[in-house]
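So the chains spell out like this:
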Amino acid sequence: YKSKQAFLFQWPRIDGTYHGNALQIERFTKGSGRYKKIYTSISMHFRDPVSNSLVVIPKRLTSGLRRSLARDNADLEFIEIGDELFDRKVEVKASSMQFARDVLSSHQIQQGLVEIRGQTRDLEIQVKGTELNYQERSNIMDLQYLTDVLNFLAEFMGYIERSGR
């Protein structure tokens, strides 16, 4: 692993590999003043591009309103996986219903997402092109939690690669 800090008052970025995949971890802020929020971003890279896209976010009370106003990733459609607990806690948008169900039908993957969802209020996982991106609204400081997230992401990448994309 190597660390890179472009500017004096910027958090360093960590570049390396994890389970054979290129990895990048960085922190950034959104907003300013008392509205400033810290995010941790983890990007892992597939060896070959993924032909389908997928976005996974936590379901909230405002999810219905968000669905009706959704303009982000307009080429993706909202999909329910078919597991009642999972569909109640997580919202999925994908370019292909079959792709989403293939990669999210595993009980292990569903459980991992629900467990991570239980640890953070705001997260997003996005699969597009050669990248799997994970963003969480927090400054991840707990090494065990970071390791758990990285292990989950590596396992999730394996499911995506085996799904035929």
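Residues numbered from 1 in each chain as written. Predicted model: local features only at pLDDT ≥ 70, side-chain atom pairs only at ≥ 80, totals over all residues. Heavy atoms only, no water.

A.B. asks: Explain the overall build of the chain to me, please; I cannot follow it from the model alone.
C.D. replies: For the chain, the helix and strand inventory stands at five helices and seven strands. Helices and strands appear in the chain in the N-to-C order β-β-β-β-α-β-α-β-α-α-β-α. Counting all 165 residues of the chain, 39% fall into the buried class. Counting contacts in the chain only where the partners sit at least 6 residues apart, residues at least 24 apart contribute 57% of the total. (Helix = DSSP H or I, 4+ residues; strand = E, 2+ residues; numbered from the N terminus. Buried < 20%, exposed > 50% of the residue type's maximum accessible area, 1.4 Å probe, protein only. Contact = heavy atoms within 4.5 Å.)

A.B. asks: Would you mind showing me how to read the packing of helix 4 (residues 107-119) against helix 5 (residues 143-162) here?
C.D. replies: Between two packed helices, the angle of one axis relative to the other and the distance separating the axes together describe the packing. For the pair helix 4 and helix 5, the least separation of the axes is 10 Å and the interaxial angle reads 150 degrees. Judged by the inter-axis angle, helix 4 sits roughly antiparallel to helix 5. Seen along the crossing, helix 4 lies across helix 5 with a hand that is left-handed. Contact residues: helix 4 offers Q108, I109, G112, L113, I116 and Q119, while helix 5 offers Y145, V149, F152, E155, F156 and Y159. (Axes fitted to C-alpha atoms, helices over the stretch in contact; angles between N-to-C directions. Parallel < 35°, antiparallel > 145°, perpendicular 65-115°, else oblique. Left-handed = near helix turned anticlockwise from the far one by under 90°.)

A.B. asks: Can you walk me through the pairing of strand 6 (residues 90-94) in this structure?
C.D. replies: Two faces, one strand: in a regular strand the side chains alternate between the faces of the sheet. Taking burial as the measure, the five residues of strand 6 include five buried ones, the bulk of the element. Here strand 6 shows no split at all, with V90, V92 and A94 on one side and E91 and K93 on the other all buried. Bridge analysis of strand 4 (residues 37-58) against strand 6 gives five bridges, and the strand direction is antiparallel. Note that in strand 6 the partner of L54 across the bridge is A94. Both strand 5 (residues 77-79) and strand 6 contribute to a ladder of three bridges, which runs antiparallel. Across the sheet, the residue bridging to E77 is A94, located in strand 6. (Pairing = 2+ DSSP bridges.)

A.B. asks: I'm lost on unusual backbone geometry in this one. Help?
C.D. replies: The general pattern is negative phi for most residues beyond glycine and trans for most peptide bonds. A positive phi angle, close to 50 degrees, is found at H19, a residue other than glycine. As for its position among the elements, H19 is in the loop between strand 2 (13-18) and strand 3 (21-30). Overall, H19 belongs to the exposed group, its relative accessible area being 58%.

A.B. asks: Please explain the packing of aromatic side chains as it appears in this structure.
C.D. replies: Any aromatic ring pair is given by two values, namely how distant the centres are and how the planes are angled relative to each other. By the definition in use, this model includes two aromatic pairs. On the basis of an interplanar angle of 5 degrees and a centroid distance of 5.3 Å, the ring pair of F28 and Y39 is categorised as stacked. In this pair, F28 is assigned in strand 3 and Y39 in strand 4, connecting sequence segments eleven residues apart. Residue classification places Y39 among the buried positions, given a relative accessible area of 11%. Here the basic side chain of K30 rests over the ring of Y39, its NZ or CZ set 4.8 Å away from the ring centre. (Phe/Tyr/Trp six-rings, centres within 6.5 Å; stacked < 30°, edge-to-face > 60°. Lys NZ or Arg CZ within 6 Å of the ring centre and 35° of its normal.)

A.B. asks: Which parts of the structure should I look at to understand the environment of P49?
C.D. replies: You can see P49 is positioned in strand 4. Put simply, P49 and E131 are 82 residues apart on the chain and 7.8 Å apart in space, counted from C-alpha to C-alpha.

A.B. asks: What exactly am I supposed to notice about helix 4 here?
C.D. replies: Within an α-helix, residues lying three or four positions from one another point in the same direction, as the helix has 3.6 residues per turn. Spanning 13 residues, helix 4 covers 19 Å between terminal C-alpha atoms, matching the ideal 18 Å at 1.5 Å per step. Every buried residue belonging to helix 4 is among I109, Q110, G112, L113, V114 and I116, and all of these are buried. At the N-terminal end of helix 4, a side-chain oxygen is found 3.2 Å from the backbone nitrogen of Q108, two or three residues along, and the residue is S106. (Expected span 1.5 Å × (residues − 1). Polar contact = N/O pair within 3.5 Å; in protein donor to acceptor, adjacent residues only side chain to side chain.)

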